[in-house]
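A structural walkthrough
Spelled out, the chains give:
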Amino acid sequence: ELSVKAWGGYYQRWSKRQGGGGFGTLPAGEAAATNTIENQQFYTFGIEPRFRHDWEAWGNKHTLTTGMQYYYCYSPREDKRGLSPDAEDGNIFLDSRRETLYGSIFAENKFTFGKFSITPGFRLEMVKQDVQTRNFAAATGAFASELRKSQTDVQPLFGLGLSYDLGNESSLYANVSQGYRTTIFQESIVAQPGVVATDATPGLSWSYELGARGKPAKWVTFDTSLFLIDLDNRFGTVTTGGVTRLTSVGRSINYGWDGALDIDLIGLADRIAGRAVERSNTLNFYTNVSILEAELHGGPNDGGAPQYAPDYMIRTGLIYKHGDRVKVGFLGTLVADHNAQDNSNPVFDVPSYMTWDLTAEYKVNEHFTVMAGINNLLDESYYARVRTDGIDPAYGRNAYLGGEVRF
């Protein structure tokens, strides 16, 4: 079986921020009469052919999957200095042309021996990043300097999965796999305001997981697992001598528990009442809980907590389905308080927050589906990302309408 998936998109991020201020400091002085205007655009394209082949040996059927992926992103960025706190335009002081070219080849084979299966896998990652940055005088717009930089990373990755079928659609599983995180433009080339970017080699991680999942009855599904992620050469923020740098902060170890439970309340009610009824409608209570412990080892922040590592995250809500025609979901996300820097600076604390989303889908026919929803239904005021020059407020209540066409 050969399948080919292709996608593309365009995204623009435009924002402005008053000057002369910072964390805990109201805008003041001459800089408060100006602002910084950022305009970033992202043109993306990707394609992934994937081949699957079932074959038989040793009295069992095995499955080989192999393929490749190509992805390209062109991302121009302009930074301007406005001459008033709420200016919509101004003098350009930074102009960047960023390109990312990504490719990978992968293969895995699921070997099945009765109830036991073993799946080794391999993936070769190739990432090439190019950037051209021109600097201008903010007051006059006169050209000042130019920087060109290119970075190419090639990384082989390996993984191994094990599974044992317990029957009744339940199984035990275990996985071990490598992960890879390259540096990004903001870290290695175009830093945040007030931060010095430095080169760092990519981070390589090992992930371990042991768990069980199943569907012991028609009305309940569960998945529970213990995990550990060991990331060497973690990239983060370090402040020494009054200078904040993006650099390697050592090794981080994250471990914890993931659990998911899905209960069809209508099916459960039928089971309690002893009714053997085949229904086309379901009302599912869904919850997913992640408990996390994370710590840095070695480096300048030894013993501290990695950035963006909340102690817990809970997703829960109700999902109603009527056959395959109607689907309505009311889902919430609760995130514990955490910190946005690896040095646990209290200025960068992110308070806990909870948001609720309402989504709906209606299948008009086999070819067309209508989708709509309201995100942050209760208009929660929160933020989940912090920069050195302030928070990035999250979206308030917002709505969308879309459609899906199948051929």
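Fair warning: this is a prediction, and the values are worked out from it, not measured in the lab.

A few words on the overall build of the protein. The helix and strand inventory of the protein stands at two helices and 23 strands. Oriented by its inertia axes, the alpha-carbon framework of the protein measures out at about 75 × 50 × 45 Å. Out of the 407 residues in the protein, the part that is buried amounts to 34%. Here the contacts in the protein between residues at least 6 apart in sequence split such that 61% fall between residues at least 24 apart. Summing over all exposed atoms, the protein offers an accessible surface of approximately 22,800 Å²; the carbon and sulfur share of this is 58%.

The next point concerns the side chain of Gln-178. If you trace the backbone, Gln-178 turns up in strand β7 (residues 170-181). Take Gln-178: its relative accessible area is 16%, and that puts it in the buried class. Contacts of Gln-178, omitting those with residues within four sequence positions, involve Pro-156, Leu-157, Phe-158, Leu-204, Ser-205 and Trp-206.

Further remarks concern helix α2 (residues 265-273). With a side-chain oxygen positioned 3.2 Å from the backbone nitrogen of Ile-266, the residue opening α2 is Asp-264. Phi turns positive one or two residues past the end of α2, at Gly-274, with a value near 75°.

The subject of this paragraph is the pattern of salt bridges. One pass over the full model with this rule turns up 21 salt bridges. Because the salt bridges share partners, they merge into one network encompassing Arg-13, Arg-17, Glu-38, Arg-77, Asp-79, Arg-385 and Asp-392.

Attention now goes to the pairing of strand β5 (residues 116-136). One ladder, built from 18 bridges, connects strand β4 (residues 91-113) with β5; its direction is antiparallel. Considered in β5, the bridge of Leu-94 is made with Asn-135. Linking β4 back to β5 in an antiparallel pair, the connection comprises two residues, with Gly-114 at a positive phi of about 65°. Here β5 pairs with strand β6 (residues 143-167) via 21 bridges, running antiparallel. Among the inter-strand pairings, Asn-135 is bridged to a residue of β6, identified as Ser-145. Here β5 folds back onto β6, and the loop between the two strands holds six residues, one of which, Gly-141, carries a positive phi near 80°.

Of all hydrophobic cores here, the largest spans five residues; its members are Ala-340, Phe-348, Val-350, Tyr-383 and Val-386. Beyond its immediate stretch of four places on either side in the chain, Ala-340 contacts Gln-307, Tyr-308, Phe-348, Val-350 and Val-386.

A grouping of Trp-58, Phe-113, Phe-116, Leu-160, Leu-162, Tyr-164, Leu-166 and Leu-172 is seen on the molecular surface, where their side chains present a nonpolar patch of about 750 Å² in accessible area. Considering every element that reaches the nonpolar patch, the biggest residue donor is β6, with four residues. Tracing the backbone shows Phe-116 in strand β5. Residue classification places Phe-116 among the partly exposed positions, given a relative accessible area of 33%.

Rules behind the numbers
Residues numbered from 1 in each chain as written. Predicted model: local features only at pLDDT ≥ 70, side-chain atom pairs only at ≥ 80, totals over all residues. Heavy atoms only, no water. Helix = DSSP H or I, 4+ residues; strand = E, 2+ residues; numbered from the N terminus. Buried < 20%, exposed > 50% of the residue type's maximum accessible area, 1.4 Å probe, protein only. Contact = heavy atoms within 4.5 Å. Areas by Shrake-Rupley, 256 points an atom, 1.4 Å probe, with all protein chains shown as cover. Polar contact = N/O pair within 3.5 Å; in protein donor to acceptor, adjacent residues only side chain to side chain. Salt bridge = Lys/Arg side-chain N within 4 Å of Asp/Glu carboxyl O. Pairing = 2+ DSSP bridges. Core = buried A, V, L, I, M, F, W, Y, C linked by side-chain atoms within 4.5 Å. Patch = residues over 30% accessible without salt bridge, like charges linked within 9 Å, V, L, I, M, F, W, Y side chains within 5 Å.

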